[in-house]
Amino acid sequence: MLILTFLSGTRRAAADPPGPSNDDATTSVVVTGTRTPEQSQRATVKTDVVTRDEAEQRGATNVAEALSTQPGVQVNPGAYGYLGTVSPIQIQGFDLNRVLILEDGEPVIGDVGGAIDLAAIPMTDVERIEIVTGPTSALYGSSAIGGVVNIITAPPRDDGPSGRARGEYRSHNGINLQGTGAYRTNAVWAATDLGWNRQDGIRSDPHLPDLQLPAMQRLLVGVRAGAAFTRRIDVQVRGRWLRQELDGIDSTTYPGLGRFITDTPQTTDRFAVQVLETIRFGAGSNLRLSLGRQWVDDTSSTVPRGSPLDQIRRSTQTMESFEATATFADGPRTWVTGARLEAERLSQSLEQTESVEGALKSTMTPEIVPELLGSAAGYGQIAWRFGELFTLLPGVRAEYHPRYGSVVAPRLAAALRPSDTWTLRVSAGRGFRTPSAEELGFNFDHSIYGYKVIGNPSLAPETSWGVNGDVTWRPGKRWSLRGGAFMNWVDNLIDIDLSAGTTAGTVVTYTYKNFERVRTFGAQGVASYTVSDRFRAELAYDYQWTRDDVNDAPLSGRPPHTVTASVRAALPWKSEAYVRAHVVSDAFVDDTTRTPGYDTVDLRLGKTLWPGSQLYAGVLNLFDVHQTPGRVGDLRPPLGRVLYVGLRAAFPSEEE
């Protein structure tokens, strides 16, 4: 979890592994799965990598778009209609805050209804995204039941000045501008990241003012810097401000009174500061220290036009963390031990102006009483390599929460490589998740729509066991075949108890509850064919089975079958083409409803104008598959077809 930007940027060090080759684009250095740098194709724990170049070829401007067609995961904004346009991720049948989202190793806060909105994280300063599937609580603690997504930045690669810029125009009057400027010497580097994008709102009915998707505007300002004070001590600092503004419109018709229009603006400011220090002892041993702080301020309003009545909901969430990790290289063994302290606070209030006995009355009500949620953890791991044939990786984490006591999460992973063409991996581990501040003390009053959700301070933590295995066969430099399977068991799953709502007038009040057991099972097959950097084709199939043992039914919104196919080819005249198809089956919603299956096709053409540049054009969702407004559980894309054209450039180019 620590010093990720350092590990990804120290390419000039003698001990570093070689960079990616043209024969296999998956040889990027990874650190998420085991906390020690490994080539992804030889990692003891399977780690998928989406590089910035791959994300751009997919037409992605944010992390949600980069992962929306990634095999093994689901990113469907339509799966959570009650959250609006939020784009969370599902891994191995788990979603919301059961998948841990990291930025440079630090957990991302500021979720919406338990979901981190990946669409709100731009690709401006992202170097790559790593995805580790299966329970990884032994290394990362709470919320890592389904897996971990680590969004990684990196220092500039070259000495002297460098930079990259991207400008793009999209359908729905979408504008996306991204840029990074940096300077590096032998011992010091600094970078500034800027990004801005906007998009018009999308109406649910062309004859009504209501917006299915709100008008959106996002601004990113980031600063990163690093210095090597000695040959053994390296310090890095990262700061980021991300502002998001959403402007929604709803309307309601009252008999005899006409249609009333309500504005629903929302503004979110996210700040993050992180200081990383690495002390190297030589021979692969080091001590890594991380100090971080994040805070999120969110304001959402409900403002009827032409009326003095309104509601303004304000929330503030903060997290402070300190982590120390020591790595000791001992010949075939690499020991990792560390400790982490974490403190999180969340508060929320509701200000509203009401009409009481013919007079206006303004009140402010705390919806979430400010409360400190802290934890302390210690963890250890040993990677024991028996030559090139076998690697054994046991690990354990002990974590203490003042509210819940202590929990121990072990994990054991192993990798067998009987030859250069075969790799077999298996892992098993314990997962756990403590209730969030929202689930403990949340009071979400949505009476205008007929319901309320309140927290439950008596919730118990979720616990799980998970088993993962996969086999990779590379009969030559061009072919790669991989198959894998997983199974998970979760006890005390936390969810809204929809069967026990209490009614007062026209408003139903729900609360959170621990359910008995949930099971998930799945399998994956991936085949790829690569010819140097001129051609690459990939075909992947994912199967997923879920079961809620309480209700004896599948989990809602989990498509059992997904097929992804992609082809990238270099064309004459310094051009390239990229085609990606994504097919998703229908899925269970409830006993009487299934979400429709769908398929999307993305196309992109690019041409080099000068070294390090590319003029490109493309289309996302070529056949304009989109949601039916108001349809429950509709997983289809809410935006429909998107056309785009843009120009990107880098200095110095990798070709120079």
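Before any of the text, the structure's been laid out above.
Residues numbered from 1 in each chain as written. Predicted model: local features only at pLDDT ≥ 70, side-chain atom pairs only at ≥ 80, totals over all residues. Heavy atoms only, no water.

Colleague: How would you explain the overall build of the chain if you had to name every residue and give the values?
Modeller: Along its length, the chain carries 5 helices and 38 strands. In terms of C-alpha radius of gyration, the chain reaches 25 Å, essentially the compact-globule figure of 26 Å for 656 residues. Principal axes of the C-alpha set define a box for the chain whose edges measure 80 × 60 × 50 Å. Taking all 656 residues of the chain together, 51% fall into the buried category. Counting contacts in the chain only where the partners sit at least 6 residues apart, residues at least 24 apart contribute 60% of the total. Summing over all exposed atoms, the chain offers an accessible surface of approximately 28400 Å²; the carbon and sulfur share of this is 60%. Distance from the positive charge centre (65 side chains) to the negative charge centre (74 side chains) of the chain: 6 Å. (Helix = DSSP H or I, 4+ residues; strand = E, 2+ residues; numbered from the N terminus. Rg over C-alpha atoms; globule rule 2.2 N^0.38 Å. Buried < 20%, exposed > 50% of the residue type's maximum accessible area, 1.4 Å probe, protein only. Contact = heavy atoms within 4.5 Å. Areas by Shrake-Rupley, 256 points an atom, 1.4 Å probe, with all protein chains shown as cover. Lys, Arg positive; Asp, Glu negative; His and termini not counted. Charge placed at Lys NZ, Arg CZ, Asp CG, Glu CD.)

Colleague: So, the side chain of Gln74: which residues are in play, and what are the values?
Modeller: One can find Gln74 in strand S4 (residues 73–74). Classification of Gln74 as buried rests on a relative accessible area of 7%. There is a polar contact of 2.7 Å between the side chain of Gln74 and the side chain of Thr562. The contacts of Gln74, once residues within four sequence positions are left out, are Pro88, Ile89, Gln90, Pro559, Thr562 and Val584. (Polar contact = N/O pair within 3.5 Å; in protein donor to acceptor, adjacent residues only side chain to side chain.)

Colleague: Any details on the sheet that holds strand S8 (residues 128–133)? Residues and values, ideally.
Modeller: With respect to topology, 5 strands assemble into an open sheet ordered S3-S8-S9-S6-S7, the strand pairing being mixed. For this open sheet the edge positions go to strand S3 (47–51) and strand S7 (106–107), each flanked by a neighbour on one side alone. (Pairing = 2+ DSSP bridges.)

Colleague: Quick one: what's the story with the nonpolar core, residue by residue and with numbers?
Modeller: Generally speaking, nonpolar side chains in soluble globular proteins are found buried as a group. In this structure, Leu67, Ile89, Ile101, Leu118, Ile129 and Val149 are the most contacted members of the largest nonpolar core, which totals 24 residues. Ranked by residue count, the leading element in this core is helix H3 (residues 63–67), at 4 residues. Counting residues in hydrophobic clusters, the runner-up holds 9 residues, among them Leu373, Leu440, Val453 and Leu459. (Core = buried A, V, L, I, M, F, W, Y, C linked by side-chain atoms within 4.5 Å.)

Colleague: Which residues make up the packing of aromatic side chains, and what values go with them?
Modeller: Applying the stated criterion across every chain, the model contains 9 aromatic pairs. Through successive ring pairs, a cluster of aromatic residues spans Trp241, Phe271 and Trp295. Over the face of the ring belonging to Tyr644 we find Arg170, whose NZ or CZ atom lies 5.7 Å from the ring centre. Positioned over the ring face of Tyr616 is Arg604, at 4.5 Å from the centre of the ring. (Phe/Tyr/Trp six-rings, centres within 6.5 Å; stacked < 30°, edge-to-face > 60°. Lys NZ or Arg CZ within 6 Å of the ring centre and 35° of its normal.)

Colleague: So what's going on with the pattern of salt bridges? Residues and values would help.
Modeller: Applying the stated criterion across every chain yields a total of 41 salt bridges. Arg648 is the partner of Glu56 in a salt bridge, and the nearest nitrogen-oxygen pair spans 3.2 Å. Taken as a pair, Glu56 in helix H2 (residues 52–57) and Arg648 in strand S38 (residues 642–651) lie far apart in primary sequence, 592 residues in all. In this structure, Asp95 engages Arg98 in a salt bridge whose closest nitrogen and oxygen atoms are separated by 3.9 Å. Of the two residues, Asp95 and Arg98, neither departs from the other in class, the shared state being buried. Connected through salt bridges with shared partners, the residues Asp95, Arg98, Arg433, Glu439, Glu462 and Arg558 form a single ionic network. (Salt bridge = Lys/Arg side-chain N within 4 Å of Asp/Glu carboxyl O.)

Colleague: For the environment of Asp330, give the residues involved together with the corresponding values.
Modeller: Residue position: Asp330 is located in strand S19 (residues 310–330). Assessed through its relative accessible area of 36%, Asp330 is described here as partly exposed. Through-space distance from the C-alpha of Asp330 to that of Gly374 is 34 Å; in sequence the pair is 44 residues apart.

Colleague: Explain the pairing of S19 to me, using residue names and the numbers behind them.
Modeller: The side chains of a regular strand alternate between both faces of the sheet. Note: strand S18 (residues 285–304) against S19, 17 bridges, orientation antiparallel. Residue pairing across strands places Thr302 opposite Gln311, the latter belonging to S19. Counting the residues in the hairpin turn of S18 and S19 gives 5 residues, including Gly306, whose phi is positive at 75°. Relative to strand S20 (residues 333–356), S19 is paired through 21 bridges, and the arrangement is antiparallel. Each bridged residue has a counterpart across the sheet, and for Arg313 the counterpart in S20 is Leu350. Linkage of S19 to S20, two consecutive antiparallel strands, is achieved through a turn of 2 residues, within which Gly331 is found at a positive phi near 65°.

Colleague: Go over a nonpolar patch on the surface, please, and point to the residues and values.
Modeller: A contiguous nonpolar patch, built from Leu389, Leu416, Trp422, Leu424, Val471, Trp473, Trp479 and Leu481 and spanning about 660 Å² of accessible area, is present on the exposed surface. Counting only elements with at least two residues in the nonpolar patch, the list comes to strand S24 (422–433), strand S27 (462–473) and strand S28 (479–496). By the secondary structure assignment, Trp473 is in strand S27. (Patch = residues over 30% accessible without salt bridge, like charges linked within 9 Å, V, L, I, M, F, W, Y side chains within 5 Å.)

Colleague: Hey, could you go over unusual backbone geometry for me, with residue numbers and the actual values?
Modeller: Most of the time, phi is negative for any residue but glycine, and the peptide bond is trans. The omega torsion across Phe651 and Pro652 is -10°, close enough to zero to call that bond cis. By the secondary structure assignment, Pro652 is in the segment after S38. Even without glycine at this site, Ala283 takes up a positive phi of about 60°. Looking at the element boundaries, Ala283 is found in the loop between strand S17 (258–282) and S18. For Ala283, a relative accessible area of 72% translates into the label exposed.

Colleague: Before we move on, can you summarise the pairing of strand S22 (residues 390–401) with the specific residues and values?
Modeller: Residues Thr391, Leu393, Gly395, Arg397, Glu399 and His401 point to one face of S22 and are all buried, whereas Phe390, Leu392, Pro394, Val396, Ala398 and Tyr400, pointing to the other face, are not buried. Looking at chain direction, strand S21 (residues 359–386) and S22 are connected through 9 bridges and run antiparallel. Counted as the bridge partner of Gln381 is Gly395 from S22. Once S21 ends, the chain turns through 3 residues before running back antiparallel as S22, passing Gly387 with a positive phi of about 65°. Sheet analysis places S22 next to strand S23 (residues 405–419), joined by 12 bridges and oriented antiparallel. Residue Pro394 lies in a different strand from S23, and its bridge partner there is Leu412.

Colleague: Tell me what's going on with the environment of Glu462, and back it up with residues and numbers.
Modeller: With respect to the helices and strands, Glu462 occurs in strand S27. By relative accessible area, which is 0% here, Glu462 ends up buried. Each residue touching Glu462, except ones within four places of it in the same chain, is listed here: Arg98, Ile145, Gly431, Phe432, Arg433, Asp491, Asn492, Leu493 and Ile494. Only 2.8 Å separates the side chain of Glu462 from the side chain of Arg98, close enough to count as a polar contact.

That is the geometry; function is a separate question.
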